[in-house]
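# Results of the structural survey
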Amino acid sequence: KLKLSLGAEFIINRLTENGFKAYAVGGCVRDLLRGKTPDDYDITSSARPEQTLAVFKDLPVFTTGLKHGTVTVVYGKENFEVTTFRRDGEYSDGRRPDEVTFSDDIKEDLSRRDFTVNAAAYNYTDGLIDPFGVQADMEKGILRCVGDPEKRFTEDSLRILRLVRFCSSLGFSAAAETAAAAEKLRGGLKRVSGERIFTELTKTIKGANATYALMQFKDIIFEVLPELAPCDNFDQKSPWHAYTVYEHIARSVGVADGDEAIKWCMLLHDCGKPECFTQKDGVGHFYGHSAVSAKKAQAVFARLKFSSALKKRVYFLIENHDYRINPDEKSVKKVLSKWGYSAFYDILKVKRADNLAQNTPLAFFERGVLNELERIADGVKARGDCVTLKDLAINGAVVIAAGAKPEKVGEILNNALSQVINGSIENDKRKLSEYIKRLI
C-alpha cells in the first residue's frame, strides 16, 4: 500500500464519492514506489473538466489547462492538477498534441505517457494500475518508453531530454531501443524552446547521477549545447588532469556541492579550453581559458533564457574559477573586500569541484590549499575583521568633515580600507581620521 498525501486523498475521495474514477498518476506514483515523498501530485480522472469544476465548486480552481482537460484544484496550500482520462491526437509541432479526446479508460490514458516509470496510477480502492510493467522496470533500474520509442520521441522531442534527466535523477539506465531512438531523433530538440531545455538541463545537472547521464548521452547534450562538442575527446596533455576536457566537465558537475549556479558554472567552465590550447615540451596549457569560456557561455545564457540574476552569477563564477588566491590572511581579505563572502565561498565550491574532477597527485596537494583558504576566511568572518567599507570605523560624513570634496569621498574611503586590510593602520576612528586629514 502506498500512502497518499491528505490533499491527494481528499481530491480522489471527492471525485469517487461523486461517481467518477480517480487516481494519483505519473511521477508521484513513481516516487511513492521508490519510498520517496512526492513534491506534488497529479490526479487523473474519468470526470470531464466541467464535471471536475462542479465537484470542486467550493474550492479555488484554475482553468488554464482546460484545452487539454486539466483543472487545477487548490486544497489548503497545495495545487492539484486534475486531468481527464484522454487519448492524444497528432503532434504536428513536435511538442503538444493538436487535439485531445477524452476517454473513460485509465489504461488508454496511461498508454499515451512517455516512460513506463511515469505510466502507473494508484488509489486505495483499486491499488496499483500497472499495465506496462513499471514495478519490473524500477526493480531493474531501467527507463523504457511506453510503446514505440521512436513514436514517443517524435510526438514530443522534449522527452529526449527528459530521458537524460531521469537517468540523472533516478540513477536508471535507458533500455537499448529507447536510448537508440533518443540518439537518432535528437535533431528534433531544435524545435524545443530554450526555456524548456533550460529546465530539463538544470534538473539533469542537479541529479545525483549527473556525470553518468552527461557521459552516456553526450551527443544529445551537444545537440542543445554545441559549445561543449569541441571538448569531447580533447586530450589535455596536462599533469593536472587525468581526463579529457569533456569528461572532466562531466565529473566536475557530478561532484559539485552547490545550487544551480554552481552546477551551471561547472558545466560551462572549461568550454573555451580547446580554443586556448597551446603545448610546450609536450605539456598542454590553456592560458586565458576562463575569460574565453565566460564569453562562450553568454551565447548559452541568451539561447536558454537564463534569468538576469543567474546569468550574472554563473558568468562571474566561470570568469574567476581559475583565479589564484594565496593562502594568507592579507590576500584572503583583499579578495573578500573585492567579492564579498558569498561569492568567495562560491568560488571555493567551484575550485573544489574542479579539483576533484582532475584526479591527479598534483590536484590532491591543491586540496590542502583550498582548505586553508576556507579556514582563513572563516576566521576573518568570525572575528568581524574589516574587509568592506561598511566595516570601516569612519564613513563619508567623517571624510567630508575633514575637508574632502564630495567627489573624492569614495576614493579616500577605499584608500583607507586598503590601508586597514594591508595592516598599515588600525581600524580605529581616531587613527583613520588623522590619516585621511594627512591624505587630504
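My aim in this report is to walk through the structure given alongside it, one point at a time.

Rules used in this analysis
Position numbers for residues count from 1 along each chain, tracking the sequence in the order it is written. Where totals are concerned, whole chains, interfaces and linings use all residues; where local detail is concerned, this predicted model gives features only for residues with pLDDT of at least 70, and gives and counts side-chain atom pairs only at 80 or more. Think of the side-chain values as coming from all heavy atoms in the structure, minus any hydrogens and water. Secondary structure follows DSSP: runs of H or I at least 4 residues long count as helices, runs of E at least 2 residues long count as strands, and numbering of each begins at the N terminus. For the radius of gyration, the atom set is restricted to C-alpha positions; the globular benchmark scales as 2.2 Å times the number of residues to the power 0.38. Working definition: with a 1.4 Å probe on protein chains only, accessible area under 20% of the residue-type maximum means buried, over 50% means exposed, and in between means partly exposed. Calculation of accessible area relied on Shrake-Rupley with a 1.4 Å probe; when residues are assessed, cover is drawn exclusively from the protein chains displayed. Counted as positive: Lys and Arg. Counted as negative: Asp and Glu, with His and the chain ends omitted from the count. By convention, the charge on Lys lies at NZ, on Arg at CZ, on Asp at CG and on Glu at CD. Within 3.5 Å is the distance limit for a polar contact, defined as a pair of N or O atoms, with the added protein rule that one can donate a hydrogen and the other accept it, and that residues adjacent in sequence qualify only through two side-chain atoms. In this analysis, strands are considered paired if DSSP registers two or more bridges between them. Angles here are taken between N-to-C directions and fall from 0 to 180 degrees, while the axes themselves are lines fitted to C-alpha atoms, restricted in helices to the stretch in contact. Each angle gets one of four labels, with under 35 degrees taken as roughly parallel, over 145 as roughly antiparallel, 65 to 115 as roughly perpendicular, and the rest as oblique. Here is the rule for handedness: rotate from the far helix to the near one, and if that takes an anticlockwise turn smaller than a right angle the crossing is left-handed, while a clockwise turn gives right-handed. Residue contacts follow a heavy-atom distance rule, with two residues in contact if any of their heavy atoms lie within 4.5 Å. Amino acid classes used here: Ala, Val, Leu, Ile, Met, Phe, Trp, Tyr, Cys and Pro are nonpolar; Asp, Glu, Lys and Arg are charged; the rest, including Gly, are polar. The term salt bridge refers to a pairing of a side-chain nitrogen on Lys or Arg with a carboxyl oxygen on Asp or Glu at a separation within 4 Å. Disulfide: a pair of cysteine sulfur atoms within 2.5 Å of each other.

## A word on the overall build of the protein chain
On a plain count of helices and strands, the protein chain comes out with 22 helices and 13 strands. Against the 2.2 N^0.38 benchmark of 22 Å for 440 residues, the protein chain shows a C-alpha radius of gyration of 28 Å, more extended than a compact globule. Over its C-alpha atoms, taken along the principal directions, the protein chain stretches across nearly 85 × 60 × 40 Å. Evaluated residue by residue, the protein chain yields a buried proportion of 50% over its 440 residues. About 20700 Å² of surface is accessible on the protein chain, with carbon and sulfur atoms providing 49% of the total. Mean positive and mean negative side-chain charge positions of the protein chain (65 and 61 charges, respectively) differ by 5 Å.

## Some points on the side chain of serine 103
Note on placement: serine 103 falls in the loop between strand 7 (100–102) and helix 4 (106–110). Classification of serine 103 by relative accessible area gives buried; the value is 2%. In terms of polar contacts, serine 103 uses its side chain to reach the side chain of glutamate 108, at 2.6 Å.

## Description of the pairing of strand 5 (residues 78–84)
Where strand 2 (residues 42–45) and strand 5 come together, 4 bridges link them in parallel fashion. Its bridge partner being in strand 5, serine 45 is matched across the sheet by threonine 84. Relative to strand 5, strand 4 (residues 70–75) runs antiparallel, the two sharing 6 bridges. Bridge pairing links valine 74 to asparagine 79 in strand 5. Taking the residues that link successive antiparallel strands as the turn, the strand 4-strand 5 hairpin has 2 residues, and the phi of glycine 76 there is positive, at about 65°.

## Some words on the packing of helix 18 (residues 341–356) against helix 19 (residues 361–383)
Each packed pair of helices is defined by two parameters, the angle between the axes and the distance between the axes. Between helix 18 and helix 19, whose axes approach to 10 Å, the crossing angle comes to 165°. Here helix 18 lies roughly antiparallel to helix 19, going by the angle between them. The crossing of helix 18 and helix 19 is left-handed. Residues Tyr341, Phe344, Tyr345, Leu348, Lys351, Arg352, Asn355 and Leu356 of helix 18 lie in contact with helix 19, whose contacting residues are Ala363, Glu366, Arg367, Leu370, Asn371, Leu373, Glu374, Ala377, Asp378, Val380 and Lys381. Grouping the amino acids of the contact of helix 18 with helix 19 by side-chain chemistry returns 10 nonpolar, 2 polar and 7 charged.

## Concerning the pattern of salt bridges
This model, assessed by the stated rule, comprises 35 salt bridges. One salt bridge in this structure joins aspartate 109 and arginine 113, with 2.9 Å as the shortest N-O distance. The two residues aspartate 109 and arginine 113 agree in class, both being buried. The salt bridge involving lysine 333 is made with aspartate 385; its shortest N-O contact spans 3.3 Å. Residue lysine 333 is located in helix 17 (residues 329–339), and its partner aspartate 385 is located in the loop between helix 19 and helix 20 (396–401); the two are separated by 52 residues in the primary sequence. Relative accessible area serves as the criterion here: at 12%, lysine 333 is assigned to the buried category.

## A closer look at the packing of helix 16 (residues 308–320) against helix 18
The N-to-C vectors of helix 16 and helix 18 enclose an angle of 60°; their axes lie 10 Å apart at closest approach. The orientation of helix 16 relative to helix 18 falls into the category oblique. The interaxial crossing formed by helix 16 with helix 18 has right-handed handedness. Listed contacts from helix 18 to Arg313, Phe316, Leu317 and Asn320 of helix 16 are Ala343, Asp346, Ile347 and Val350. Of the residues assigned to the contact of helix 16 with helix 18, the class counts are 5 nonpolar, 1 polar and 2 charged.

## Considering the state of the cysteines
Enumeration according to the criterion identifies 0 disulfides in this entry. Left without a disulfide partner, cysteine 145 is nearest to the cysteine sulfur of cysteine 167, which lies 11 Å away. Just so you know, cysteine 265 is unpaired, no disulfide at all, and the nearest cysteine sulfur is the one on cysteine 271, 10 Å from it. Relative accessible area serves as the criterion here: at 0%, cysteine 265 is assigned to the buried category.

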